[in-house]
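Architecture at a glance
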Amino acid sequence: MSVRVPVVEAITKANDELARLNRARLDSRGILGLNIMASPGAGKTSIIECIVPKLSRDLRVGVIEGDIATSFDAERAAAAGATAVQINTGGSCHLEAQMVSQALDQLPLDALDLLIVENVGNLICPATFALGTHQNILVASVPEGDDKPYKHPRMYRGVQVLIINKVDLLPYVRFDIERFRRGVNALNEGVLTFEVSCTTGAGMEALVDWVRAEAAARRAGAVQT
Ligand code: MG
Ligand code: ZN
């Protein structure tokens, strides 16, 4: 009966160790790593498509796409100007550090400044698995409803950045942004928040400016150490 707990701990420990190795591979090259999480359809890939062309003006961008099947999203990221690798998890509903490690093997790390990892669309387990990235970003979209922070507290607690996407739909759907904000604040007060729309482009410059500043800080840190 007591056998199962050590097994679970061992799996988590192994993941954390591989995540540390992934982090070291990024840090030694001054690459900023972002882990984007959301429910399916929130617009993770659309945001990547929107920001990569702007970021590519001064950053070399790599993208790791995590999906259960297909390479649709990696093709979209590549078309936007990123060097992209697709991970097909074959059914697993989240990425693990081992998968990211294998994807890193396929990327020209010495020729990258920024790595964006798009996690499998899921608001539950991606929060549990460290990947070695520096910042966890959660995308919430207006049509999903204003109750998501209340229903998925763990996900909202574990992120450094929140992107509210599809704000152009606010007049058409029932989404009480104040109720949403209250739920977020109760879990993760002061989380850096961007309100954007991939359709209109609203809010994208602020998001791009933040990524650029974070990447510059990482690069500066790499030079010092
Ligand atoms: Mg996607
Ligand atoms: Zn999962």
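In the block above lies the structure referred to throughout.
Procedures and definitions
- Numbering of residues starts from 1 in every chain and runs along the sequence as written.
- Here chains are named by letter from A upward and ligands by number from 1 upward, in the order in which they appear as written.
- Reporting in this predicted model follows two pLDDT cut-offs: at least 70 for local features of residues, and 80 or more for side-chain atom pairs to be given and counted; totals over whole chains, interfaces and linings ignore these cut-offs and use all residues.
- As a convention, hydrogens and water are excluded, and side-chain values are obtained from all of the structure's heavy atoms.
- Starting at the N terminus, helices and strands are each numbered in turn, a helix being any DSSP run of H or I of at least four residues and a strand any DSSP run of E of at least two.
- C-alpha atoms define the radius of gyration, and 2.2 Å times the number of residues to the power 0.38 defines the globule rule.
- Any residue under 20% of the maximum accessible area for its type is buried, any over 50% is exposed, and the rest in between are partly exposed; the area is computed with a 1.4 Å probe on protein chains only.
- Whether two residues are in contact is decided by their heavy atoms, any of which lying within 4.5 Å being enough.
- Areas reported as accessible are Shrake-Rupley estimates using a 1.4 Å probe. Residue values count occlusion only from the protein chains shown.
- Positive charges come from Lys and Arg, negative ones from Asp and Glu, while His and the chain ends are left out of the count.
- Charged groups are reduced to one reference atom each: NZ for lysine, CZ for arginine, CG for aspartic acid, CD for glutamic acid.
- Put plainly, a pocket is an open set of points on a 1 Å grid over the protein atoms alone with protein on both sides within 12 Å along at least five of seven lines, a cavity is a set where a 1.4 Å probe fits but cannot get out, and a lining residue has an atom within 4 Å of a point.
- Grid points are joined across faces, edges and corners, and a volume is the space filled by probe spheres set on the points.
- In this count, Pro and Cys sit with the nonpolar residues alongside Ala, Val, Leu, Ile, Met, Phe, Trp and Tyr, while Asp, Glu, Lys and Arg are called charged and the others, Gly among them, polar.
- Distances define the donors: N, O and S atoms within 2.8 Å of the metal qualify, as do those within 3.2 Å of Na, K or Ca. Water is excluded, so some sites may look unfinished.
- Strand pairing is defined by DSSP finding a minimum of two bridges between the two strands.
- Here an axis means a line fitted to C-alpha atoms, over the contact stretch when the element is a helix, while the angle between two N-to-C directions is reported on a 0 to 180 degree scale.
- Under this scheme an angle from 65 to 115 degrees is roughly perpendicular, one under 35 degrees roughly parallel, and one over 145 degrees roughly antiparallel; angles in between are oblique.
- Whether a crossing is left-handed or right-handed is set by the direction in which the near helix is turned from the far one by less than a right angle, anticlockwise for left-handed and clockwise for right-handed.
- Here a Phe, Tyr or Trp ring, Trp counted by its six-membered ring, pairs with any other such ring whose centre lies within 6.5 Å, and the pair is stacked when the planes are under 30 degrees apart, edge-to-face when over 60, and tilted otherwise.
- The criterion for a charge sitting over a ring is simple: Lys NZ or Arg CZ within 6 Å of the ring centre, and within 35 degrees of the ring normal.
- By convention a nonpolar core is built from buried Ala, Val, Leu, Ile, Met, Phe, Trp, Tyr and Cys residues, the set being connected through side-chain atoms within 4.5 Å.

**Points about the overall build of the chain**
On a plain count of helices and strands, the chain comes out with eight helices and seven strands. Computed over C-alpha atoms, the radius of gyration of the chain comes to 17 Å, within 12% of the 17 Å expected from 2.2 N^0.38 for 225 residues, which places it in the range of a compact globule. Relative to its full complement of 225 residues, the chain shows a buried share of 48%. Sequence-distant contacts in the chain: of pairs separated by 6 or more residues, those separated by 24 or more amount to 74%. Of the roughly 10,700 Å² of accessible surface on the chain, a fraction of 54% belongs to carbon and sulfur atoms. Separation between the mean location of the 23 positive side-chain charges and that of the 26 negative ones in the chain comes to 3 Å.

**Some remarks on empty space enclosed by the protein**
The tally for this structure, following the rule as stated, stands at one cavity of 30 Å³ or more. Here the largest cavity defines a volume of roughly 30 Å³. In terms of lining, the largest cavity is formed by Leu34, Ile36, Ile47, Ile51, Ile137, Ile163, Leu207 and Val211. The set of elements that each furnish at least two residues to the lining of the largest cavity consists of β1 (32-38), α2 (44-55) and α8 (204-224). A breakdown of the residues in the lining of the largest cavity according to their chemical character gives eight nonpolar, no polar and no charged.

**Topic: the coordination of the zinc ion (ligand 2)**
Coordination of the zinc ion (ligand 2) by the protein is provided by Cys93 (SG), His94 (ND1) and Cys125 (SG), with metal-donor distances spanning 2.0 to 2.3 Å. Donor residues binding the zinc ion (ligand 2) come from one chain and are separated in sequence as C-H-x30-C. For His94, a relative accessible area of 9% gives the class buried.

**Focus on the pairing of strand β4 (residues 114-118)**
Most of β4 sits inside the fold, with five of its five residues counted as buried. Of the two faces of β4, the one lined by Leu114, Ile116 and Glu118 and the one lined by Leu115 and Val117 are each fully buried. Across five bridges, β1 lies against β4 in parallel orientation. Among the inter-strand pairings, Leu32 is bridged to a residue of β4, identified as Leu114.

**Some thoughts on the packing of α2 against helix α3 (residues 72-79)**
Closest axis-to-axis distance for the α2/α3 pair is 8 Å, and the angle between their directions is 15°. By the angle between their axes, α2 is roughly parallel relative to α3. For the pair α2 and α3, the sense of crossing is right-handed. Facing α2, whose interface residues are Thr45, Ser46, Ile48 and Glu49, α3 presents Asp73, Arg76 and Ala77. Looking at the contact of α2 with α3, its residues break down into two nonpolar, two polar and three charged.

**A word on the packing of aromatic side chains**
Counted by the stated rule, this structure contains three aromatic pairs. On the numbers, 5.2 Å between centres and 40° between planes, the contact of Phe175 with Phe180 is tilted. On the basis of an interplanar angle of 50° and a centroid distance of 6.1 Å, the ring pair of Phe194 and Trp210 is categorised as tilted. Placement of the pair is Phe194 in strand β7 (residues 192-195) and Trp210 in helix α8, with a sequence separation of 16 residues. Just as Phe194 is buried, Trp210 falls in that class too. Among the aromatic side chains, those forming a connected cluster through ring pairs are Tyr156, Phe175 and Phe180. Just above the ring of Tyr150 sits the side chain of Arg179; from NZ or CZ to the centre is 5.2 Å.

**Regarding the nonpolar core**
Val61, Leu114 and Ile116 are the most contacted members of the largest nonpolar core, which has 31 residues in total. Core analysis: the next-biggest nonpolar cluster, separate from the first, contains 17 residues, Ile64, Leu107, Leu115 and Val117 among them.

**A short note on the coordination of the magnesium ion (ligand 1)**
Around the magnesium ion (ligand 1), the donor atoms from the protein are Thr45 (OG1), Asp73 (OD) and Glu118 (OE), and they sit 2.0 to 2.1 Å away. Sequence positions of the donors to the magnesium ion (ligand 1) reduce to the motif T-x27-D-x44-E. Taken together, the residues Thr45 in helix α2 and Glu118 in strand β4 connect sequence positions 73 residues apart. Residue classification places Thr45 among the buried residues on the basis of a relative accessible area of 6%.

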